Amino acid sequence: IFTVIIVLMIFGGVVYLNKQKNAVTPDSNMSFPPDMHTSEIALDWEGTYAGITPCADCEGIKTTVILSKDNKYTYQMQYLGKGDDTVYVDTGTFRWNENGLIIHLEGGDTAGKPLDIKVEENQLRLLDMDGNVITGNLADMYILEKQGLP
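The structure contained in this document is the topic of the report that follows. Just so you know, the residues in each chain are numbered from 1, in the order the chain's sequence is written. Thresholds applied to this predicted model are a pLDDT of at least 70 for local features of residues and 80 or more for the giving and counting of side-chain atom pairs; totals over whole chains, interfaces and linings are not thresholded and use all residues. To obtain the side-chain values, all non-hydrogen atoms of the structure were used and water was disregarded.

In short, DSSP must find at least two bridges between two strands for them to pair. Helix and strand definitions here come from DSSP, where helices need a minimum of 4 consecutive H or I residues and strands a minimum of 2 consecutive E residues; each element is numbered from the N-terminal end. Strand order in this closed barrel of eight strands is E1-E2-E3-E4-E5-E6-E7-E8, and the pairing throughout is antiparallel. Taken pair by pair, the neighbouring strands of this sheet meet at an average axis angle of 30 degrees, ignoring direction. Relative to strand E8 (residues 143-148), strand E1 (residues 47-53) is paired through three bridges, and the arrangement is antiparallel. Each residue of the ladder has a partner; that of Thr48, found in E8, is Gly148. Helix axes are fitted only over the stretch in contact, all axes being lines through C-alpha atoms; the angle between N-to-C directions runs from 0 to 180 degrees.

What follows is the structure in structure tokens.
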């Protein structure tokens, strides 16, 4: 019986080593398909987003962005605390950047508005005029939260 156990252990070890030898392990020569989970494809981005963005000479700017599936946008701004209830409205189209994470506003009057907006899960992050994420103490004030469908 002792001999049988030894033979089985040796045979099991040989089988294990043979499996390890034939196992496929990833290396630098292997290619993997690109991750196709972009905001454009993976997120339910159509809808209305709103928030209060910083303002140099007022209490804040009530900002609303509406995105539709046909790549059209409506951008609304209302300056708070100025004694004026005027809502400035701009419409146009947008296009996705090559990695499908950022939209670029086109058409309409884009003066004074960020041209690039990063689309995230249930929110939009307004980017600076160079297309970079805004950092610092006020960074969170450049996020518009999703309110629902248009």
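Moving on: the pairing of strand E4 (residues 88-96). The pairing of strand E3 (residues 72-80) with E4 spans six bridges and is classified as antiparallel. Across the sheet, Lys72 pairs through a bridge with Thr93, a residue of E4. In this sheet, strand E5 (residues 102-106) lies alongside E4 in antiparallel orientation, the contact comprising four bridges. When the bridges of E5 are listed, Trp96 appears paired with Ile103. Turn length for the E4-E5 hairpin, with the two strands adjacent in sequence and antiparallel, is five residues, and the turn residue Gly100 shows positive phi of about 70 degrees.

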